[in-house]
Amino acid sequence: NRRRETEEEMDQGRLKEEEIAELLSGIENVRLNEEETAVIIVDQTQLPGKKEFLELGDAKALYDAIFELKVRGAPAIGICAAYGIYVLARKIKADSGEAFYKKFKEDAEYLNSSRPTAVNLSWALKRMESVVEAHISSLPKEILALLREECKLIQAEDAAMCKAISEYGLSLLKDGDGILTHCNAGPLATSKYGTALGPLFLGKERGVNFHVFSDETRPLLQGARLTSYELDQGGIDVTLICDNMASIVMKSGKVQACLVGCDRIAANGDAANKIGTSGVAILAKYYGIPFYVLGPSSTIDFSCKTGEDIVIEERNPEEIKCKFYEKPMALPSVKCYNPAFDVTDHSLITAIITERGILRAPFTESLKAAFPERAEG
Ligand code: MRU
């Protein structure tokens, strides 16, 4: 079947050109412009009110778009950075591979400093950098051609991984299930389908229906602005709830599974995701509801032994009071604390769903067995 073929090709390391084109068709949230002088993104901070496309043509515009969450979601950040570094590489004036590499590295380091938690950012940039390293004795124009191929491949592989994750996720659910999700891990955050929302979109295509409860996801409201928008537009039954309503909804028996995405999975299965995720996991455990973390291998970081090693982004406290509100929600003198992510302990996770299957505890072993080449590297 198609999924198995895709997985096998990915295992062999490369997708065919026609397959890349097929996987990339219809993706509009992150792509190159025709001249390949800029990355085009949908400005996610404007949704759902306005669908505005931005052209990011220089390093500062790329950095700012990632930092300000105009493009967000771990895989989408990685894809944007990969396209972005290619766009910046095209502007490098160098007559040798070495000179080219020096400037490339500077640009990559700058983009990489835009956000710390989602490992997909550094993963994608490192992947692009290794292309340059491996061809350092080639001419810059030859290296550019390879970089172009690589960034397209990164996005196409993400689409294939999301599809595989969606298949595995769907196999755990049944028609009519109530699902609770937190933050946004849909197509906007990835390439196609999404991770946590992928099984729901795939189910819809196949006539399997779900009722979804979308946590609004304070402080930046990715659940309200993006998840409920994506599901509603996709014809999936969605009910928006405030984050502090998850307990009553779970208690009422309306939730059969929690599905969330992730920004970095440590080697022991601890998983960083949007702030509030670990609270959802604790509630799910209390109510006996399975809690699934869905993510591609680009989100696994074997260099982090546990969640303790994951850097948690702390954002401007003013986002809690002001962002997306007409008037500040608290007095200027009031202090705020604004960690953007938290780590869900592996003991609270029923399964981690990746493109290579449904992994269960003990995660140290199951992750290593599913991705031996990554675990060793
Ligand atoms: O700060 P954000 O909006 O980038 O946080 C995103 C999340 O926490 C997502 O759940 C995660 O990146 C997974 S996206 C498939």
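To be clear, the structure that these remarks concern was listed above.
Residues numbered from 1 in each chain as written. Predicted model: local features only at pLDDT ≥ 70, side-chain atom pairs only at ≥ 80, totals over all residues. Heavy atoms only, no water.

A.B. asks: Can you walk me through the nonpolar core in this structure?
C.D. replies: Nonpolar side chains in soluble globular proteins tend to end up buried together. With 51 residues, the main nonpolar core has Ile 41, Phe 100, Phe 104, Met 128 and Leu 147 as its most contacted residues. Ranked by the residues each element gives to this core, the list is headed by helix H4 (residues 74-90), at 13 residues. What Met 128 contacts, discounting residues up to four positions off in sequence, is Ala 82, Ile 85, Tyr 86, Phe 104, Leu 147, Glu 150, Cys 151 and Ile 154. (Core = buried A, V, L, I, M, F, W, Y, C linked by side-chain atoms within 4.5 Å. Buried < 20%, exposed > 50% of the residue type's maximum accessible area, 1.4 Å probe, protein only. Helix = DSSP H or I, 4+ residues; strand = E, 2+ residues; numbered from the N terminus. Contact = heavy atoms within 4.5 Å.)

A.B. asks: Just to check I follow, could you spell out the layout of surface pockets for this structure?
C.D. replies: Space left empty within the atom packing is revealed by a probe, the size of a water molecule, rolled over the atoms. Taken as a whole, the second largest pocket spans an internal volume of roughly 400 Å³. Looking at the second largest pocket, it is lined by 20 residues, and the ones nearest its centre are Ile 20, Ala 21, Leu 24, Arg 148 and Lys 152. Every element with two or more residues in the lining of the second largest pocket is listed here: helix H2 (17-24), strand E1 (30-32) and helix H7 (140-170). The residue makeup of the lining of the second largest pocket, split by class, is ten nonpolar, three polar and seven charged. (1 Å grid on protein atoms, 1.4 Å probe; cavity = no way out; pocket = protein on both sides within 12 Å on 5 of 7 lines; lining within 4 Å. Points joined across faces, edges and corners; volume = space filled by probe spheres on them. Nonpolar A, V, L, I, M, F, W, Y, C, P; charged D, E, K, R; others polar.)

A.B. asks: Help me out: how do you make sense of the site of the ligand in this one?
C.D. replies: The full set close to the ligand counts 18 residues, and Arg 72, Ala 74, Arg 115, Asn 273 and Lys 274 are the nearest of them. One of the backbone N or O atoms of Ala 74 is found 2.8 Å from an oxygen atom in the ligand. Relative to its unbound accessible surface of 420 Å², the ligand loses 100% to contact with the protein. Here the ligand is seated within the largest cavity. (Near = heavy atom within 4 Å. Polar contact = N/O pair within 3.5 Å; in protein donor to acceptor, adjacent residues only side chain to side chain. Areas by Shrake-Rupley, 256 points an atom, 1.4 Å probe, with all protein chains shown as cover. Sits in = over half its atoms within 2 Å of the grid points.)

A.B. asks: What is the right way to look at unusual backbone geometry in this model?
C.D. replies: Glycine aside, a negative phi is what most residues show, and trans is what most peptide bonds show. With an omega of 5°, the peptide bond between Leu 47 and Pro 48 qualifies as cis. As for its position among the elements, Pro 48 is in the loop between strand E2 (39-42) and strand E3 (53-56). Omega for the bond connecting Ala 361 with Pro 362 falls within 30 degrees of zero, at 0°, which places this linkage in the cis form. Topologically, Pro 362 is positioned in the loop between strand E14 (357-359) and helix H13 (363-370). Unlike most non-glycine residues, Thr 217 shows phi in positive territory, near 70°. Take Thr 217: it is sitting in the loop between strand E5 (211-215) and helix H9 (222-233).

A.B. asks: What exactly am I supposed to notice about helix H11 (residues 277-287) here?
C.D. replies: Owing to its 3.6 residues per turn, the α-helix brings residues three or four apart onto one side. Restricting attention to buried positions, one finds in H11 the residues Thr 277, Ser 278, Val 280, Ala 281 and Ala 284. Mapping the buried residues of H11 onto a view down its axis gives an arc of 155°, with all of them on the same face. Of the exposed residues in H11, those oriented more than 90 degrees away from the buried face are Ile 282 and Tyr 286. Within two residues after H11, Gly 288 carries a phi angle of roughly 70°, on the positive side. (Arc of directions from axis to C-beta.)

A.B. asks: In this structure, what is going on with the sheet that holds strand E6 (residues 237-241)? I would like to understand it.
C.D. replies: Either a parallel or an antiparallel arrangement is found when strands of a sheet pair, and the pairing is made through backbone hydrogen bonds. One open sheet holds the seven strands; their spatial order is E6-E5-E4-E7-E10-E13-E14, and the pairing between them is mixed. The open sheet terminates on both sides in strands that have one partner only, identified here as E6 and E14. Adjacent strand axes in the sheet meet at a mean angle of 25°, parallel and antiparallel pairs treated alike. Bridge analysis of strand E4 (residues 178-181) against strand E7 (residues 257-260) gives three bridges, and the strand direction is parallel. Bridged to Ile 179 within E7 is Ala 257. Seen against the sheet, H7 touches strand E10 (291-294), strand E13 (351-354) and E14 and runs at an angle of roughly 140° to E13. (Pairing = 2+ DSSP bridges. Axes fitted to C-alpha atoms, helices over the stretch in contact; angles between N-to-C directions.)

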